[in-house]
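So you can see what is in the structure, the chains are spelled out below.
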Amino acid sequence: MQQLWLVTIPNNKKSPDTTYHAIVDNVVGSDNCRIHKFTIPPLVVGTLDSLIALSDDLNKINSQVENVVRKVERQYFDIKGSSAQALRVNDTPIETYFRNFSWDFARYQHQGRPLVDIVNQIQGLSSKIDEELKKLSLLYNEKVVNLGSLQRKKTINLSTSDFEDFLKPEQVNKLDLIDTPTLLTVFVVVPKALEKEFLDSYSSIGQDIAAYGGPDWSTNNAVGQDDGKYGSNIDRTRIKDSPVVPGSKNKVLEEGDSVLYTITILKGHYSAGRFVDDIFQAGTFVDYIEPTKHSFREKRFLIREFNYNHNRTTSLDDQIKEADNEVKQVKATITRWCKAHFGESYVAWVHLKVIRGFVESVLRYGLPLDFLSIFIEPNMKKEKYLKNLLLNTITRLHPTLITKKITLDPEEEEDMENLPFVCLQFNVIGVSSGV
């Protein structure tokens, strides 16, 4: 069942069974098709203008509702995989649902209700399902992204991974890490190919950063005397060099194409304060850390300040396991939701098809309501032949339906709108097998 045709045929005051058997006897043959009779309840016809307006809207509304059904189906198979068990309609296989279709009077009460009210009910249900699906899909994507992010962390990157992800507390405790008002131990990520260059030059990088200038007392006998060479009168920047403490390097570990070292650097210095118009202006702190990072980066060495949470109770493996469980829980929720709401949206979609068949039948055959409604399950290998056979059979039964000469050339595309009877052709969602 790949495709169905919803066909209505006037009874011309004969019983529906007489019309049905006439169609079956002349059309079904050995393997042309299967035909399934169903009953459309006496829906409220309303005015001609309302029917015409509804007929114009139904095609667009059908596309919207069908799109939601397909979204639910697609989400289900995205979660469960293409080999998952087929979705069902109210715990019934889709083929069986169509072959035994009957109007759902409990859900779509029709007595005294304008057709547009039932259509609006179907639209509202479809929109609600669509919104719920969007929220579930967003939640699932968030969980998957979080899991992927944690799994990528499992592949250690010394430049970006958290220190907790590759340094155990006992390793950290063995490191000689300094953090005083003047000195700071930082970590340096060094490409293996540049390790020798780093070892040869690390203590001389950033030679224009740290200020080492001060009073030169090597030739001055006035040590401790007020000679004016103090405070803001001293040019500290007249001598500059690297803020890195020589000999402070320490190799921590290797990972992939990178090596991790620690070095100790000066944090900075305070410029001396001064009196301006008898008001003392406090000195300012001159930072060395950021300029040092920049200088090392120019050499392709990455400085990372140390930030380690000894109280982090869960390891990366634990976080991955927890995130994986969350993904599985959301997948299970979506699977249950899709199974329930696929049937609900599918029933709405098929009832919309039936309403459209009813509207087109009233507009084509007029009143009183007297027509047979059937689903034809065609053998797609005989599609052209079957349509010609159906056309000839119906026009022979009801010659008054012929409004113009119609021949369905097997080599040409037919126009179903030009047929003298109602025939709504549609692909069946959720089923791919033939007759």
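The sections below set out a description of the structure shown in this document. (Residues numbered from 1 in each chain as written. Predicted model: local features only at pLDDT ≥ 70, side-chain atom pairs only at ≥ 80, totals over all residues. Heavy atoms only, no water.)

**Looking at the overall build of the protein**
What counts is decided by this rule: Each helix is a run of DSSP H or I of at least 4 residues and each strand a run of E of at least 2, with the numbering of both proceeding from the N terminus. We call a residue buried when its accessible area falls under 20% of the maximum for its residue type, exposed when it is over 50%, and partly exposed in between, using a 1.4 Å probe and counting protein chains only. Whether two residues are in contact is decided by their heavy atoms, any of which lying within 4.5 Å being enough.
Across its full length, the protein holds 10 helices and 14 strands. Burial status across the protein gives 43% buried among its 435 residues. Contacts in the protein between residues at least 24 apart in sequence constitute 80% of all its contacts with a sequence separation of at least 6.

**A few points about a nonpolar patch on the surface**
The following threshold applies: Patch members must show over 30% relative accessible area and no salt bridge, and they are joined within 9 Å when carrying like charges or within 5 Å when they are nonpolar side chains of Val, Leu, Ile, Met, Phe, Trp or Tyr. Only the protein chains shown count as cover for residues, and the accessible areas themselves come from Shrake-Rupley with a 1.4 Å probe. Whenever Lys or Arg places a side-chain nitrogen within 4 Å of a carboxyl oxygen from Asp or Glu, that contact is recorded as a salt bridge.
Taken together, the side chains of Leu 48, Ile 52 and Leu 363 present a nonpolar region at the surface, about 250 Å² in accessible area. By the secondary structure assignment, Leu 48 is in helix H2 (residues 48-80). Here Leu 48 falls in the exposed class, since its relative accessible area comes to 55%.

**Quick notes on unusual backbone geometry**
Omega for the peptide link from Leu 367 to Pro 368 comes to 0°, which places this bond in the cis form. Take Pro 368: it is sitting in the loop between helix H9 (316-365) and strand S13 (371-378). One non-glycine residue, Asn 12, lies in the positive phi region at around 50°. Summarising the element assignment, Asn 12 is placed in the loop between strand S1 (3-10) and helix H1 (16-27). Residue class for Asn 12 comes out partly exposed when judged on its relative accessible area of 41%. With a phi angle near 65°, Asp 91 is a residue other than glycine that sits in the positive phi range.

**Description of the pairing of strand S6 (residues 250-255)**
Heads up, the rule is: At least two DSSP bridges between two strands are needed for those strands to be called paired.
Two strands pair when backbone bridges link them, and S6 and strand S7 (residues 258-266) are joined in this way by 5 bridges, in the antiparallel orientation. The residue of S7 that forms the bridge with Glu 255 is Ser 258. Between the end of S6 and the start of S7, which pair antiparallel, lie 2 residues, with Gly 256 showing a positive phi angle near 65°.

**Details of the pattern of salt bridges**
Tallied over the entire structure, the rule returns 19 salt bridges. Linking Lys 71 and Asp 130 is a salt bridge whose minimum nitrogen-to-oxygen distance equals 3.3 Å. With a gap of 59 residues between them, Lys 71 in helix H2 and Asp 130 in helix H4 (residues 115-154) connect regions that are remote in the sequence. For Asp 130, a relative accessible area of 13% gives the class buried.

**Structural notes on the layout of surface pockets**
Quick note on the threshold: Two kinds of site are reported from a 1 Å grid over the protein atoms alone, namely cavities, where a 1.4 Å probe fits but cannot get out, and pockets, open sets with protein on both sides within 12 Å along at least five of seven lines, and residues are called lining when an atom falls within 4 Å of a point. Grid points are joined across faces, edges and corners, and a volume is the space filled by probe spheres set on the points. Residues are grouped as follows: Ala, Val, Leu, Ile, Met, Phe, Trp, Tyr, Cys and Pro are nonpolar; Asp, Glu, Lys and Arg are charged; all remaining types, including Gly, are polar.
Here the largest pocket is characterised by a volume of approximately 260 Å³. Pro 10, Asn 12, Tyr 365, Gly 366 and Asp 370 are the residues nearest the centre of the largest pocket, which is lined by 15 residues in total. Looking at side-chain class alone, the lining of the largest pocket contains 7 nonpolar, 5 polar and 3 charged residues.

**With respect to the packing of aromatic side chains**
Let me state the cut-off plainly: Geometry of aromatic contacts follows a simple scheme: Phe, Tyr and Trp rings, the Trp one being its six-membered ring, pair when their centres are within 6.5 Å, and the pair is stacked under 30 degrees between planes, edge-to-face over 60, tilted otherwise. Consider the ring centre and the ring normal. A charge sits over the ring if Lys NZ or Arg CZ is within 6 Å of that centre and within 35 degrees of that normal.
Applying the stated rule across the entire model yields 26 aromatic pairs. Residues Tyr 97 and Phe 98 carry aromatic rings whose centres are separated by 5.8 Å and whose planes lie at 70° to one another, so their mutual orientation is edge-to-face. Taken together, Phe 38, Tyr 97, Phe 98, Phe 101, Phe 342, Tyr 346, Trp 349, Phe 375 and Phe 426 form an aromatic cluster joined through their ring pairs. One Lys or Arg, Lys 37, reaches over the ring of Tyr 20 and ends 5.1 Å from the middle of that ring.

**Considering the environment of Leu 58**
The residue Leu 58 is located in helix H2 in this model. We classify Leu 58 as buried; its relative accessible area is 1%. Taking C-alpha positions, Leu 58 is 8.5 Å from Val 119, a pair spaced 61 residues apart along the chain. Other than its neighbours up to four places away in sequence, Leu 58 contacts Val 119, Leu 352, Ile 355, Arg 356 and Val 359.

**Remarks on H2**
Helical geometry: 3.6 residues make up each α-helical turn, so side chains three or four residues apart lie on a common side. Heads up, the condition is: Here the expected span of a helix is defined as 1.5 Å times the quantity of residues minus one. At every residue, the bend is computed as the angle between two fitted axes, covering the seven residues ending there and the seven beginning there respectively.
In this model H2 runs 47 Å from its N-terminal to its C-terminal C-alpha over 33 residues, within 8% of the 48 Å that 1.5 Å per residue would give. In the structure, H2 departs most strongly from a straight axis at Leu 58, where the bend amounts to approximately 35°. At the C-terminal side of H2, Gly 81 shows a positive phi close to 95°.

**Considerations on the nonpolar core**
Rules: Side-chain atoms within 4.5 Å link the members of a nonpolar core, which is a set of buried Ala, Val, Leu, Ile, Met, Phe, Trp, Tyr and Cys residues.
Of all hydrophobic cores here, the largest spans 85 residues; its most connected members are Val 7, Phe 98, Tyr 346 and Ile 355. Core analysis: the next-biggest nonpolar cluster, separate from the first, contains 17 residues, Leu 184, Val 188, Tyr 202 and Phe 301 among them.

**Here's the deal with the sheet that holds strand S12 (residues 302-305)**
We apply this condition: Every axis in this analysis is a line fitted to C-alpha atoms, fitted for helices over the stretch in contact. Angles between the N-to-C directions lie between 0 and 180 degrees.
Reading across from one edge, S6-S7-S3-S12 is the order of the 4 strands in this open sheet, with antiparallel pairing throughout. Sheet topology places S6 and S12 at the edges, where each strand pairs with a single neighbour. Going from strand to strand, the sheet's axes swing by 30° on average, the running direction of each strand aside. Relative to S12, strand S3 (residues 183-191) runs antiparallel, the two being bridged by 4 bridges. Directly across from Val 188, in S12, lies its bridge partner Ile 303. Relative to S12, helix H8 (residues 289-298) is tilted by about 145°, and along the sheet it contacts S3, S7 and S12.

**Focus on the sheet that holds S13**
The strand order across the open sheet built from 4 strands is S2-S13-S1-S14, with neighbouring strands paired in antiparallel fashion. Across the chains shown, the open sheet's two edge strands, defined by having one partner strand only, are strand S2 (33-38) and strand S14 (422-427). With strand direction ignored, the average angle separating the axes of adjacent strands in the sheet is 20°. Sheet topology places S1 next to S14; 6 bridges connect them, and they run antiparallel. Pairing of Gln 3 across the sheet is with Asn 427, part of S14.

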